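Read off the chains here:
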Amino acid sequence: GKIRNPTTLLFVYGTLEQQPKMLYDALLREILVLWKQYCQSKSCSNSTSTSLLPAAAAATLNPTSFTIGTYNLLHPTYAMKYHQHNGTYRTNQSNWSTFRQHAIISLLTSCSLDVYFLQEVDTHQIHDIFCSDKLKQDYDVIHYTHPKREAQDGVAILWKKGRFELLESEMVPFHAKQEEYQYYMCAAVAHVMDNVTQKRLLLACIHFYDKKCIKPQETLLQYILSKKEEKADGIIWGGDCNHEYKSILPDGFSTPVSSCARNEENGSWVYPTSNSKKIDWIFYSSSNGCEEEETILSSFTSLESEAFVKSTAEAFDCMGGYTLSDHLGEATTFIFS
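Residues numbered from 1 in each chain as written. Predicted model: local features only at pLDDT ≥ 70, side-chain atom pairs only at ≥ 80, totals over all residues. Heavy atoms only, no water.

Peer 1: How should the overall build of the chain be read in this particular structure?
Peer 2: Counting its secondary structure elements, the chain contains seven helices and 11 strands. Here the chain holds 337 residues, and 48% of them are scored as buried. Within the structure as shown, the chain displays about 17100 Å² of accessible surface, and the carbon and sulfur contribution to it stands at 51%. (Helix = DSSP H or I, 4+ residues; strand = E, 2+ residues; numbered from the N terminus. Buried < 20%, exposed > 50% of the residue type's maximum accessible area, 1.4 Å probe, protein only. Areas by Shrake-Rupley, 256 points an atom, 1.4 Å probe, with all protein chains shown as cover.)

Peer 1: Where do I start with the pattern of salt bridges in this structure?
Peer 2: For side chains of opposite charge, pairing can occur when their charged atoms come near one another. In the structure shown here, the tally under the stated rule is 10 salt bridges. Here aspartate 153 makes a salt bridge to arginine 149, at a shortest N to O gap of 3.0 Å. Accessibility expressed as a relative area gives 0% for aspartate 153, which makes it buried. Taking the relative accessible area as the measure of exposure, arginine 149 reaches 9% and is therefore buried. Residue aspartate 194 is joined to arginine 163 by a salt bridge in which the shortest nitrogen-to-oxygen separation is 2.6 Å. Highlighted residues: aspartate 194 in strand 6 (residues 183-194) and arginine 163 in the loop between strand 4 (154-160) and strand 5 (164-175), separated in sequence by 31 residues. Like arginine 163, aspartate 194 is buried. One network of salt bridges, with partners in common, ties together Glu170, Arg200, Lys227 and Glu230. (Salt bridge = Lys/Arg side-chain N within 4 Å of Asp/Glu carboxyl O.)

Peer 1: Help me understand the confidence of the model for the chain in this model?
Peer 2: Summarising the model, the chain shows a mean pLDDT of 83, and 77% of its residues fall at 70 or more. Low pLDDT, under 50, characterises residues 46-60; the stretch is placed with 26 contacts to residues that sit more than four places away or in other chains. Confidence drops under pLDDT 50 across residues 259-275; counting only partners more than four residues distant or on other chains, this segment forms 31 contacts. (pLDDT = per-residue confidence, 0-100. Contact = heavy atoms within 4.5 Å.)

Peer 1: Just checking my understanding: could you explain the sheet that holds strand 8 (residues 234-240) for this structure?
Peer 2: Picture the strands of a sheet paired through backbone hydrogen bonds; they go either parallel or antiparallel. As summarised here, the arrangement of the five strands in space is 5-6-7-8-9, forming an open sheet in which the pairing is mixed. The open sheet has two edge strands with one neighbour each: strand 5 and strand 9 (280-286). Sheet twist, expressed as the average angle between the axes of neighbouring strands with direction ignored, equals 15 degrees. Note that strand 6 and strand 7 (residues 200-207) share six bridges and pair antiparallel. Bridging across to strand 7, alanine 188 finds its partner in cysteine 205. Against the sheet, helix 6 (residues 216-226) touches strand 5, strand 6, strand 7 and strand 8, its axis set at about 140 degrees to strand 5. (Pairing = 2+ DSSP bridges. Axes fitted to C-alpha atoms, helices over the stretch in contact; angles between N-to-C directions.)

Peer 1: Can you help me understand the sheet that holds strand 3 (residues 139-145) in this one?
Peer 2: An order of 3-4-2-1-11-10 is seen for the six strands of this open sheet, with the pairing classed as mixed. The sheet terminates laterally at strand 3 and strand 10 (297-300), the two strands that pair on one side only. Along the sheet, successive strands turn relative to each other by an average axial angle of 20 degrees, direction set aside. One ladder, built from seven bridges, connects strand 3 with strand 4; its direction is antiparallel. Residue aspartate 140 lies in a different strand from strand 4, and its bridge partner there is tryptophan 159.

Structure, rendered in structure tokens:
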């Protein structure tokens, strides 16, 4: 006979007034369990039909290559303020602690990129994320809070402990347009050594907002120029740029061709916002300051980087068909030659 799907029985106790909320919370917990099982099953299946990386796919990469992804997590404060359904329930209450926190942890651990640039994340959320034993075991992190943002959110860089060694980190503040305070937002910068290639990298996670900051991109590029004497072999920065870069890219930098984030039929960007703008970017440049031997940093789309972008585009029925954030992630794979 036909095998039926397994059934879960939920027993809810409490008064009649308490039972609806308790049932609601219990259902959310069960949905989370099912979602984790779904991630695990996806990661073991064929990559051409799923959004998550199969375990064997990592072996196809050149061992000297490394992956970098960027993701704006949608801070709960802004989700509730602007009624973003990705981050709220129908009551406009945040779904961070009950669902999104756990789902994003599963996404980051399943995709297992070498570096993550995260935006709209505060110190409490970093603590929440690193409650995961897997993330705590595999990744180190730096985080800087924007000086004057309403939500006290910030930017973070996560990197795999075995792959990279932190040499130096610092915050690059962006001047505020409001006269009552000096700075409004910032970038997080990490100078790291790649333990595999012995190349030095300057990594920067950014969140630009020209409406309230004075030329944040120019500030970052001036900072990068000021570090020329440190002779980094590669410079990689990215995040929520709030800019489409339709025709002109930042001077001296390239951007990967991310076919996984485009519509396969017409080449347009697939982006989960009403205006379909592509504003999350990764830029890179080779800059070793050595005239005798040039080190070239190049990028390509791998199964890992493609899996991350597609995973951030997953829509959840339990969230009304919305993705985990109002942003898609972006990712690419780099290699030195």
